[in-house]
Amino acid sequence: KAGVTQTPRYLIKTRGQQVTLSCSPISGHRSVSWYQQTPGQGLQFLFEYFSETQRNKGNFPGRFSGRQFSNSRSEMNVSTLELGDSALYLCASSGSGNTIYFGEGSWLTVV
Amino acid sequence: ELKVEQNPLFLSMQEGKNYTIYCNYSTTSDRLYWYRQDPGKSLESLFVLLSNGAVKQEGRLMASLDTKARLSTLHITAAVHDLSATYFCAVSPLSDDMRFGAGTRLTVKP
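Residues numbered from 1 in each chain as written. Chains lettered and ligands numbered in written order. Predicted model: local features only at pLDDT ≥ 70, side-chain atom pairs only at ≥ 80, totals over all residues. Heavy atoms only, no water.

### Digging into the sheet that holds strand E6 (residues 55–58) of chain B
Residue and element names in this part refer to chain B. The strand order across the open sheet formed by 5 strands is E1-E3-E8-E7-E6, and the pairing between neighbours is antiparallel. Taken across any chain shown, the strands that pair with only one partner, and hence form the sheet edges, are strand E1 (4–7) and E6. Strand-to-strand twist in this sheet, taken as the mean axis angle between neighbours without regard to direction, amounts to 15°. Strand direction decides the pairing type here: strand E3 (residues 19–25) and strand E8 (residues 71–76), joined by 6 bridges, are antiparallel. Residue Tyr19 lies in a different strand from E8, and its bridge partner there is Ile76. (Pairing = 2+ DSSP bridges. Helix = DSSP H or I, 4+ residues; strand = E, 2+ residues; numbered from the N terminus. Axes fitted to C-alpha atoms, helices over the stretch in contact; angles between N-to-C directions.)

### Some details on the sheet that holds strand E8 (residues 74–78) of chain A
Residues and elements named next belong to chain A. Ordered in space as E1-E3-E8-E7, the 4 strands form an open sheet in which the pairing is antiparallel. At either end of the open sheet lies a strand with only one pairing partner, and these are strand E1 (5–7) and strand E7 (64–68). Between one strand axis and the next, the sheet turns through 15° on average, direction left out of account. Examined bridge by bridge, strand E3 (residues 19–24) and E8 share 5 bridges and lie antiparallel to one another. Paired with Ser22 across the two strands is Glu75, which belongs to E8.

### Overview of the side chain of Gln6 of chain B
Residue and element names in this part refer to chain B. As for its placement among the helices and strands, Gln6 is situated in strand E1. Only 2.9 Å separates the side chain of Gln6 from the backbone oxygen of Tyr87, close enough to count as a polar contact. One polar contact links the side chain of Gln6 to the main-chain amide nitrogen of Gly103, over a distance of 3.1 Å. Leave out the neighbours within four places in its chain, and Gln6 touches Ile21, Tyr22, Cys23, Trp34, Tyr87, Phe88, Cys89, Gly101, Ala102, Gly103 and Thr104. (Polar contact = N/O pair within 3.5 Å; in protein donor to acceptor, adjacent residues only side chain to side chain. Contact = heavy atoms within 4.5 Å.)

### Let's talk about the interface of chain B and chain A
Facing the 19 residues of chain B at the interface are 19 residues of chain A. Surface buried jointly by chain B and chain A totals about 1,600 Å² across both partners, of which 54% is contributed by carbon and sulfur atoms. At the junction of chain B and chain A, the tally comes to 4 residue pairs in polar contact (both at pLDDT 80 or more). Those elements giving two or more residues to the side of chain B that touches chain A turn out to be strand E4 (32–37), strand E5 (43–49), strand E9 (85–94) and strand E10 (97–100) of chain B. With 4 residues, the single largest contributor to the side of chain B that touches chain A is E10 of chain B. (Buried area = accessible area lost by both parts, 1.4 Å probe.)

### What to know about unusual backbone geometry
Of note, the amide linkage connecting Thr7 of chain A to Pro8 of chain A takes the cis form, showing an omega dihedral of -10°. Relative to the helices and strands, Pro8 of chain A resides in the loop between E1 and strand E2 (10–13). Between Asn7 of chain B and the following residue, Pro8 of chain B, the backbone shows a cis peptide bond with an omega angle of 0°. By the element assignment, Pro8 of chain B lies in the loop between E1 and strand E2 (10–14).

### What to know about the packing of aromatic side chains
This model, assessed by the stated rule, comprises 10 aromatic pairs over all chains. Residues Tyr35 of chain A and Phe102 of chain A carry aromatic rings whose centres are separated by 5.6 Å and whose planes lie at 50° to one another, so their mutual orientation is tilted. Here Tyr35 of chain A is found in strand E4 (residues 31–38), whereas its partner Phe102 of chain A is found in strand E10 (residues 101–102), with 67 residues between them in sequence. Comparing Tyr35 of chain A with Phe102 of chain A, the two get one shared label, buried. An aromatic cluster is defined as three or more aromatic residues linked by ring pairs; in this entry it consists of Tyr35, Phe45 and Phe102 of chain A together with Tyr33, Tyr35, Phe88 and Phe100 of chain B. (Phe/Tyr/Trp six-rings, centres within 6.5 Å; stacked < 30°, edge-to-face > 60°. Buried < 20%, exposed > 50% of the residue type's maximum accessible area, 1.4 Å probe, protein only.)

### Regarding the environment of Glu1 of chain B
Residue position: Glu1 of chain B is located in the segment before E1. Taking the C-alpha atoms as reference, Glu1 of chain B lies 8.3 Å from Thr27 of chain B; in sequence the two are 26 residues apart.

Right, dumping it as structure tokens:
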């Protein structure tokens, strides 16, 4: 059974650019959530989607957005990148059970 | 605002010793998670605790939950070097919206 797949794994962007990260959840999982991990702020919740609807949103500026498609795949977008957006972005998926599974993450560096 | 506090944040212990990591949270939550993260890696699920008094064990790790005290513990028995990692607890007051503690960086020395 394939795990949570995130692409790209590593990327470097310039300030002011925008970036799109993709997440394919475990087959059959309909809930996808996104987290940002930085050394200073730790793990912070970005948003959660279920059946194409955003259920919850964390305390991030509007530059951070996301969506979920009918096949449960999800994307998150960050516009007008800032240096402080450099982080590991983690996607997690869950199904009918209680365990939440994380992908390997996308390492974003903003220069 | 929901707060999740872990302590200690750093833990250095010798192989063969026992220790406990504590996780306090500030509001009602129906689920408590423990994850492990190795350097440069993602999060690996260790335990999901669902009810007051729940206890789960896997190898040298045992987790428990006291919802009345809003406290979870992760107990390490006879530590080995392979347990060196960062351990996070998290609670989810709403669906899969998890709020994480700061993490406990565990180093097990021979």
